[in-house]
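Summary of structural features
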Amino acid sequence: VDLAVSVGSVRLPNPVMPASGTAGHGTELGAYVDLGGLGAVVVKSLAATPWPGNPPLRVHQTPAGMINSVGLQGPGVERWLVDDLPGLLATGARVVASIWGRSVDEYRAAADLLAEAPPGVVAVEVNLSCPNVSGHGIFAQSAPDSAAVIAATAGCGRPRWAKLTPLVTDITEVAGAVLDAGAEALTVANTVPGLAIDVETRRSHLGGGMGGLSGPAIHPIAVRAVYECRAAHPDAAIVGVGGIARGVDAVEMLLAGADAVQVGTATFADPRACAVVLDELAAWCRAHDVPRVADLTGGAHDPDR
Ligand code: RRO
């Protein structure tokens with residue numbers, strides 16, 4: 001099976017990568033999977049400057065899925081370029097840097113610092129949709145705000161993937177705005193804001209209060225959002241993310257319209273989850289006589305099948 005895919009201008013040997021926030025900032029998953037053998041490695045969102053993140057607890061399990069309020073903890077782009085990136089590139093991984101900011105200018109600063117990153121940083125995912133920036137709304141809930149951030153991040157000098165939230169009235173409108181502003185791909189989608197209350201303390205289980213719900217609960221939401229984006233923007237590159245834990249989940253996301261997929265929450269239960277999804281995806285293609293995994297993309301839209 002030919003596993004190679006393209007996400008816009010970025011050629012990847014296969015379509016499976018860890019979602020931002022699940023593989024740390026460097027080689028954390030390297031003890032469990034061959035990072036160079038994955039499609040790419042997306043690191044946790046970085047700001048221009050170091051950021052401490054939220055107080056504990058930062059993750060909570062519910063029957064529906066996981067809720068996190070990590071709060072964007074990170075070393076900042078400058079330290080990351082020196083402390084984490086060289087080791088990650090040494091694994092042979094294609095690296096996707098994820099950036100965030102509290103303002104258009106903070107996004108611009110983070111992007112500009114990435115201009116000097118080596119070519120192994122193949123793309124920059126612009127995280128417009130973190131639910132845990134205290135005191136701030138979600139950029140991706142506004143098409144004009146999202147477009148302004150994408151326009152401001154061109155200085156990174158590489159393809160930008162806009163990471164969207166599914167919690168909007170019309171995700172295709174935001175998608176159109178970021179594509180018009182220069183995004184090469186859509187990453188669809190981030191976690192969904194949620195809250196879990198400890199009935200004894202009558203307070204949130206999480207130190208940060210609200211959190212982002214992920215895992216199986218959001219899989220159909222993400223598949224729907226990818227499907228809508230593919231239908232509205234047939235030529236867009238799309239990276240599908242949300243509740244992918246097995247090969248068939250990835251097949252479903254590709255059929256909805258994704259060119260590649262990211263594995264997030266499943267990685268916390270099994271750090272080899274990306275490798276499992278990739279192996280099962282390849283086996284599924286063999287069993288179904290699909291010679292090229294790229295041929296699956298958008299298959300659920302094809303009226304002839
Ligand atoms: O760090 C976080 O709390 C976080 C981020 Br940046 C994000 O984009 N999505 C999420 O669920 N958590």
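Here the structure is a predicted model, which means the values were calculated and not measured. (Residues numbered from 1 in each chain as written. Predicted model: local features only at pLDDT ≥ 70, side-chain atom pairs only at ≥ 80, totals over all residues. Heavy atoms only, no water.)

**Here we look at the overall build of the chain**
Counting its regular elements, the chain contains nine helices and 16 strands. At 18 Å, the chain has a C-alpha radius of gyration in line with the 19 Å of a compact globule built from 305 residues. Here the C-alpha coordinates of the chain stretch approximately 50 × 50 × 40 Å along the principal axes. The buried share of the chain, reckoned over its 305 residues, is 55%. Taking all contacts inside the chain whose residues are at least 6 apart in sequence as the whole, residues at least 24 apart take part in 71%. Entry remark: accessible area of the chain is about 12,200 Å², with carbon and sulfur atoms responsible for 54%. If you average the places of the 19 positive and of the 30 negative side-chain charges in the chain, the two averages end up 4 Å apart. (Helix = DSSP H or I, 4+ residues; strand = E, 2+ residues; numbered from the N terminus. Rg over C-alpha atoms; globule rule 2.2 N^0.38 Å. Buried < 20%, exposed > 50% of the residue type's maximum accessible area, 1.4 Å probe, protein only. Contact = heavy atoms within 4.5 Å. Areas by Shrake-Rupley, 256 points an atom, 1.4 Å probe, with all protein chains shown as cover. Lys, Arg positive; Asp, Glu negative; His and termini not counted. Charge placed at Lys NZ, Arg CZ, Asp CG, Glu CD.)

**Structural notes on the packing of helix α3 (residues 104-113) against helix α4 (residues 143-152)**
Running from N to C, α3 and α4 point in directions that differ by 30 degrees, and their axes come no closer than 8 Å. Judged on the interaxial angle alone, α4 and α3 are roughly parallel. The interaxial crossing formed by α3 with α4 has right-handed handedness. Across the interface between the two elements, Val104, Tyr107 and Arg108 of α3 pack against Ala148, Val149 and Ala152 of α4. Classifying every residue of the contact of α3 with α4 gives five nonpolar, no polar and one charged. (Axes fitted to C-alpha atoms, helices over the stretch in contact; angles between N-to-C directions. Parallel < 35°, antiparallel > 145°, perpendicular 65-115°, else oblique. Left-handed = near helix turned anticlockwise from the far one by under 90°. Nonpolar A, V, L, I, M, F, W, Y, C, P; charged D, E, K, R; others polar.)

**Structural notes on the packing of aromatic side chains**
Within the structure shown, the criterion is met by two aromatic pairs. With centroids separated by 5.5 Å and ring planes inclined at 75 degrees, the aromatic side chains of Trp51 and Trp100 adopt a geometry described as edge-to-face. With a gap of 49 residues between them, Trp51 in the loop between β4 (41-42) and β5 (59-62) and Trp100 in the loop between β7 (95-99) and α3 connect regions that are remote in the sequence. The class for Trp51 is partly exposed, based on a relative accessible area of 28%. (Phe/Tyr/Trp six-rings, centres within 6.5 Å; stacked < 30°, edge-to-face > 60°.)

**A word on the sheet that holds strand β9 (residues 160-164)**
Spatially, the eight strands line up as an open sheet ordered β3-β16-β15-β10-β9-β8-β7-β4, and their pairing is parallel. Each edge of the open sheet carries a strand with a single partner, namely β3 (16-18) and β4. Inspection of the sheet shows β7 paired to strand β8 (residues 121-127) by five bridges, in the parallel sense. Residue Ala97 lies in a different strand from β8, and its bridge partner there is Val124. On the sheet, helix α7 (residues 247-256) packs against β15 (237-241) and β16 (260-263) and is oriented at approximately 140 degrees with respect to β16. (Pairing = 2+ DSSP bridges.)

**So, the site of the ligand**
All residues in the neighbourhood of the ligand are listed as Lys44, Asn68, Ser69, Val70, Gly71, Leu72, Asn127, Cys130, Pro131, Asn132, Asn190 and Thr191. Interatomic distance of 2.7 Å between a side-chain N/O atom of Lys44 and an oxygen atom of the ligand. Along the lines of polarity and charge, the residues of the shell around the ligand split into four nonpolar, seven polar and one charged. (Near = heavy atom within 4 Å. Polar contact = N/O pair within 3.5 Å; in protein donor to acceptor, adjacent residues only side chain to side chain.)

**Thoughts on the environment of Val192**
The topology assignment puts Val192 in strand β11 (residues 192-194). Given the relative accessible area of 13%, Val192 is considered buried. Note: C-alpha distance between Val192 and Arg102 (90 residues apart in sequence) is 19 Å.

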